[in-house]
Amino acid sequence: MVQLSIIILNYNVKHFLKLCLQSVVQATENIQAEIIVADNASKDGSMQMVAQDFPNVIRLENKANLGFSKANNLAVKKAKGKYICILNPDTVVPEQIFSNLLKFVKTVPDFGAVGVKLIDGKGQFLPESKRQIPTPKVAFQKMVGNATNYYASNLESNDIGCVDVLVGAFMFMSRQRYLQVGGFDEDYFMYGEDIDLSYKLLKAGYKNYYYGKDSVIHFKGESTTKDEVYRARFYGAMQLFYKKHFSNSKFTNLIVKAALKVVKKANKAQGLDTDKEISSNVFIYIGNSSDCVAILSKLKNKQVQHLSLKELQKLTLKNSQLFLDSQFFSFKEIISLLEQYGHHNNTFRIKLKSSNVLIGSDTSTGKGEVLVLELDKIQ
């Protein structure tokens, strides 16, 4: 019997997907699990990569971009696990994550969904990991800069406890309960569907839990360009949520629409849709490959230091970029390094196992970086 089905919806993020799958394969070694990659008509060779590098992964290749909700619902119908985990392709999970959650849910029979502590590519905690129901009042407060009632501030980032809303990048659920509440609402193409599902589980009498003992990297936004289409979908999703679950009074609608217009203008004015460049003064490779050191020195046009983990731990780092080779570290160790050194403007790139690719992200609002090292061109 399959205990767990991990469902990953991909759209044109081949390298991030590969890193995600490497971590998920490690995390399911001792579990009766299946891994399903649903693909929304990617054109970057994602499915060819999965077929070649991960032959045991189930591939569901959609002929068009069906959006988040519909594609995940189709994958859940194919899944055989008692439990499912909806997982973004731009995530990295530690080896113990699924074993720990399978144990945890046995202690909370009333659970609807479970989320975990998410950190970004710089090791910073992502507060959307645990949220309150964004009622019109709460959402309006958040839009004008008061997020006190938007995030679940009653819990610390490392705590375990009940929360209202989890994020769709990582949602661990009973497959039966997911189907019971109708899964993701397909009226949402992208964004808002995680809030909607969390709320439906609450209304069905279940409790959603935040499990802060394990951290997962969520690079964020890798398959999305922050353009007018993105803004229309994001703010449209919030309006749809209010229409479905809250009073449809003219006054409420006017307040919500007015607030959304204000925020859209503010976001554009503040330039939140562009990547924030961070300058690093020191480049450090943590691993065993002298080839990588040579190539990175050429790419960065600066000297790249080669350190062991023991040597690294003796340093106080600022304005540094660390290249972490996953061939020599567990994913739990890599995640811990991000949390430990993700301060003072330090940034990170992770080298994929058995690959010449490094990926990472220096911001929570823009796309990350993919570096392809041409190992055969060292002179």
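Residues numbered from 1 in each chain as written. Predicted model: local features only at pLDDT ≥ 70, side-chain atom pairs only at ≥ 80, totals over all residues. Heavy atoms only, no water.

S.K.: Could you clarify how one ought to interpret the overall build of the protein in this entry?
M.R.: A count of helices and strands for the protein gives twelve helices and 15 strands. When burial is assessed residue by residue, the protein has 55% of its 379 residues classed as buried. Here the analysis covers contacts within the protein between residues at least 6 apart in sequence; of these, 75% occur between residues at least 24 apart. Split by element, the accessible area of the protein, about 17200 Å² in all, is 50% carbon and sulfur. (Helix = DSSP H or I, 4+ residues; strand = E, 2+ residues; numbered from the N terminus. Buried < 20%, exposed > 50% of the residue type's maximum accessible area, 1.4 Å probe, protein only. Contact = heavy atoms within 4.5 Å. Areas by Shrake-Rupley, 256 points an atom, 1.4 Å probe, with all protein chains shown as cover.)

S.K.: Would you mind going over the sheet that holds strand S13 (residues 347-351) with me for this structure?
M.R.: Neighbouring strands of a sheet are bound in pairs by backbone hydrogen bonds; such pairs are parallel or else antiparallel. Pairing within the open sheet is mixed, and its six strands lie in the order S11-S10-S12-S13-S14-S15. Looking at which strands have only one partner, the edges of the open sheet turn out to be strand S11 (304-307) and strand S15 (369-372). The average undirected angle you get between the axes of adjacent strands in this sheet is 25 degrees. Inspection of the sheet shows strand S10 (residues 282-286) paired to S11 by four bridges, in the parallel sense. Its bridge partner lying in S11, tyrosine 285 is registered against histidine 306. (Pairing = 2+ DSSP bridges. Axes fitted to C-alpha atoms, helices over the stretch in contact; angles between N-to-C directions.)

S.K.: How should the side chain of serine 5 be read in this particular structure?
M.R.: Secondary-structure assignment places serine 5 in strand S1 (residues 4-10). Those residues within four positions of serine 5 in sequence are excluded, and the remaining contacts are Glu34, Ala79, Lys80, Gly81, Tyr83, Ile84 and Cys85.

S.K.: Sorry if this is basic, but what is going on with the nonpolar core here?
M.R.: Ile8, Phe98, Phe170 and Phe172 are the most contacted members of the largest nonpolar core, which totals 39 residues. Top element by residues in this core is helix H4 (residues 97-105). It accounts for six residues. Aside from chain neighbours lying at most four places away, what touches phenylalanine 98 is Leu4, Ile6, Val24, Ala27, Thr28, Ile31, Cys85, Val93 and Phe170. (Core = buried A, V, L, I, M, F, W, Y, C linked by side-chain atoms within 4.5 Å.)

S.K.: For this particular structure, what's the right way to read unusual backbone geometry?
M.R.: Negative phi characterises most residues that are not glycine, and trans characterises most peptide bonds. The backbone phi angle of asparagine 301 is positive, close to 55 degrees, even though this residue is not glycine. Along the chain, asparagine 301 falls in the loop between helix H10 (290-300) and S11. Owing to a relative accessible area of 69%, asparagine 301 belongs among the exposed residues under this scheme. Located in the positive-phi region is serine 354, a residue other than glycine, with phi close to 50 degrees. Of note, serine 354 is situated in the loop between S13 and strand S14 (357-360). When its relative accessible area of 68% is taken as the criterion, serine 354 is described as exposed.

S.K.: Help me understand the packing of aromatic side chains in this model?
M.R.: We describe a pair of aromatic rings using the distance from one ring centre to the other and the angle between the two ring planes. Tallying each qualifying case throughout the model produces nine aromatic pairs. Relative to phenylalanine 111, the ring of tyrosine 83 has its centre 6.3 Å away and its plane inclined at 35 degrees; by these criteria the two rings are tilted. You can see tyrosine 83 sitting in strand S4 (residues 83-87) and its partner phenylalanine 111 sitting in strand S6 (residues 111-119), a full 28 residues away along the chain. Across the pair, phenylalanine 111 and tyrosine 83 agree in class, each one buried. (Phe/Tyr/Trp six-rings, centres within 6.5 Å; stacked < 30°, edge-to-face > 60°.)

S.K.: I tried to follow the pairing of S1 on my own but got confused; where do I start?
M.R.: The side chains of a regular strand alternate, residue by residue, between the two faces of the sheet. The buried fraction of S1 amounts to seven of the seven residues, a majority that puts the element mostly inside the structure. Burial along S1 is two-sided: the face carrying Leu4, Ile6, Ile8 and Asn10 and the face carrying Ser5, Ile7 and Leu9 are both buried. Examined bridge by bridge, S1 and strand S2 (residues 33-40) share seven bridges and lie parallel to one another. Looking at the pairing, asparagine 10 lines up with aspartate 39 of S2. The parallel pair S1 and S2, bridged by helix H1 (residues 14-27), forms a crossover whose chirality is right-handed. (Right-handed = clockwise from strand over helix to strand, strands pointing away.)

S.K.: Please explain the packing of H1 against helix H2 (residues 46-53) as it appears in this structure.
M.R.: Pairs of packed helices are described in terms of their axes, by the angle between the two and the distance that separates them. Two numbers describe how H1 lies on H2: the axes approach to 9 Å, and their chain directions differ by 30 degrees. Between H1 and H2, the crossing angle belongs to the class labelled roughly parallel. Seen along the crossing, H1 lies across H2 with a hand that is right-handed. Of H2, the residues touching H1 (which contributes Lys14, Leu17, Lys18 and Leu21) are Ser46, Met47, Met49, Val50 and Asp53. Classifying every residue of the contact of H1 with H2 gives five nonpolar, one polar and three charged. (Parallel < 35°, antiparallel > 145°, perpendicular 65-115°, else oblique. Left-handed = near helix turned anticlockwise from the far one by under 90°. Nonpolar A, V, L, I, M, F, W, Y, C, P; charged D, E, K, R; others polar.)

S.K.: Explanation requested: H10 in the structure shown.
M.R.: The α-helix advances 3.6 residues per turn, and as a result positions three or four apart in sequence lie on the same side. Inspection of H10 places Cys292, Val293, Ile295, Leu296 and Ser297 among the buried residues, and these make up the whole buried set. Looking at the buried residues of H10, the elements they touch are S10, S11, strand S12 (320-325) and S13. The N-cap of H10, judged by a side-chain oxygen 3.4 Å from the amide nitrogen of aspartate 291 a few residues on, is serine 289. Asparagine 301 occupies a position one or two residues after H10 and carries a positive phi of about 55 degrees. (Polar contact = N/O pair within 3.5 Å; in protein donor to acceptor, adjacent residues only side chain to side chain.)

S.K.: Explain the environment of serine 364 here, please?
M.R.: Along the chain, serine 364 turns up in the loop between S14 and S15. You can call serine 364 partly exposed: its relative accessible area is 24%. Note: C-alpha distance between serine 364 and histidine 218 (146 residues apart in sequence) is 8.9 Å. Setting aside residues up to four positions removed in sequence, serine 364 forms contacts with Asp120, Leu126 and Lys220.

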